[in-house]
Structure formats: structure tokens, C-alpha cells
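One letter stands for each residue in the lines below.
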Amino acid sequence: VQLPASGGGLVQAGGSLRLSCAASGRTFSRYAMGWVRQARGKEREFVAVIWWSGGITHYSDSVRGRFTISRDNAKNTVYLQMNSLKPEDTAVYYCAAATSLSTLTSMRAEYWGQGTLVTVSS
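Once a new chain begins, its residue numbering starts again from 1 and follows that chain's sequence as written. Thresholds applied to this predicted model are a pLDDT of at least 70 for local features of residues and 80 or more for the giving and counting of side-chain atom pairs; totals over whole chains, interfaces and linings are not thresholded and use all residues. Excluding hydrogens and water, the side-chain values take into account all heavy atoms of the structure.

**Student:** I'd like a description of the packing of aromatic side chains, backed by residues and values.
**Tutor:** The geometry of an aromatic ring pair comes down to the distance between the two centres and the angle between the two planes. Two rings belonging to Phe, Tyr or Trp (six-membered ring only in the last case) form a pair when the distance between their centres is within 6.5 Å. Interplanar angles under 30 degrees mark stacking, angles over 60 mark edge-to-face geometry, and anything in between is tilted. One pass over the full model with this rule turns up three aromatic pairs. The interplanar angle of 80° and the centroid separation of 5.2 Å between the aromatic rings of Phe28 and Tyr31 together place this pair among those described as edge-to-face. We call a residue buried when its accessible area falls under 20% of the maximum for its residue type, exposed when it is over 50%, and partly exposed in between, using a 1.4 Å probe and counting protein chains only. Among the residues examined, Tyr31 registers a relative accessible area of 12% and is labelled buried. Their ring planes at 65° and their centres at 5.9 Å tell us that Tyr31 and Tyr111 sit as a pair that is edge-to-face. Of this pair, Tyr31 sits in the loop between strand E3 (17-22) and strand E4 (32-38) while Tyr111 sits in strand E10 (residues 111-112); the two residues are 80 residues apart in sequence, bridging distant segments of the chain. Relative accessible area serves as the criterion here: at 22%, Tyr111 is assigned to the partly exposed category. Among the aromatic residues, those joined into a cluster by ring pairs are Phe28, Tyr31 and Tyr111. Note on geometry: a ring has a charge over it if NZ (lysine) or CZ (arginine) is within 6 Å of the ring centre and within 35 degrees of the ring normal. For Arg26, the ring lying beneath its charged end belongs to Phe28, and the centroid distance is 5.7 Å. Looking at Arg44, its charged tip hangs above the ring of Trp112, at a distance of 5.0 Å from the centre. Only runs of H or I of at least four residues qualify as helices and only runs of E of at least two qualify as strands under DSSP, and these elements are numbered from the N terminus.

Here it is in C-alpha cells:
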């Protein structure tokens, strides 16, 4: 099972990026999928999660209103549209899949992918 995150890069504050995570090795159409980030020297923190149906989403307070999570079950892919980026959003972003929303938001996801680095310059 692989959950490779892509789409990271260097962007100026106020800019936008769109992260993608195209899962392979199994189908995650009945799993919650989401994003977690880790800034240098800090612990991993929950960013956003979406239920398998797409009808339920949750965001951390720090990104709500700026980031939007979505998924395409036909492509086994989850996305994170990040707008109005701030320097404090700089981190490695990881994709994760879990059997429940709470499992993912509490950082106990069953599947984790490789991260992609997002750097926001001031």
C-alpha cells in the first residue's frame, strides 16, 4: 500500500498550492482520508479529513476557511487545496487513510504515506 503525496513546493505568503495523494495497493473508497503535517522541530498535527462518501469533512482551526479537502474515489485520490498560505503552514504534509474519522484526527491512522514539503516564504 502506498500513499504518496505530491504537489508541494515553494510559494509566497498569500499564494496557493494543491496537494494530491493517489493511493495504490488497495481501494480506500470506504476509508476516511486526510492530511497531517509536521513542521521542523514540532510534532505532527492534524490538518483535514474527509469521510469516504465525501459528505463529512473536518479541519483544524488553523486551516479552516483557507484549505479545502476533497476526494475522487474512482481515482483513489484525495486532494488538499491550500489558499492564502502563511509562513506557519510550512511543513511536510502527509497523506493518511483510516477506518474512521476519529482515528485519523487522533493521529492513529492505519495507513500513512510519504510526505511532500510545503514551504511558504514571507
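Let's pick the thread back up.
**Student:** Describe the state of the cysteines, listing the residues and the values that go with them.
**Tutor:** Throughout, a disulfide means two cysteine sulfur atoms within 2.5 Å of one another. Going through the model one piece at a time under the given rule, you end up with one disulfide. Paired through a disulfide, Cys21 and Cys95 show a sulfur-sulfur distance of 2.2 Å. Of note, the bridge from Cys21 to Cys95 carries an S-S torsion of about -85° and is left-handed in sense. With Cys21 in strand E3 and Cys95 in strand E9 (residues 91-98), this residue pair connects regions lying 74 residues apart in the sequence. We note that Cys21, like Cys95, is buried.

**Student:** Kindly report on the environment of Leu19, identifying the contributing residues and their values.
**Tutor:** When you line up the elements, Leu19 lands in strand E3. Contact partners of Leu19, with chain neighbours within four places excluded, come to Ser6, Gly7, Gly8, Trp35, Val78, Tyr79, Leu80, Met82, Tyr93, Thr116 and Val118. Contacts: residue pairs with any heavy atoms within 4.5 Å of one another.

**Student:** Residues and numbers for the pattern of salt bridges, please.
**Tutor:** Think of a salt bridge as a Lys or Arg side-chain nitrogen and an Asp or Glu carboxyl oxygen that are within 4 Å of each other. In total, this model carries four salt bridges according to the counting rule given. Arg37 is the partner of Asp89 in a salt bridge, and the nearest nitrogen-oxygen pair spans 2.9 Å. Here Asp89 is found in the loop between strand E8 (77-82) and E9, whereas its partner Arg37 is found in strand E4, with 52 residues between them in sequence. Neither residue differs from the other here; Asp89 and Arg37 are each classed as buried. Note that Asp89 is salt-bridged to Arg66, the shortest N-O span being 2.7 Å. Taken as a pair, Asp89 in the loop between E8 and E9 and Arg66 in the loop between strand E6 (57-59) and strand E7 (67-72) lie far apart in primary sequence, 23 residues in all.

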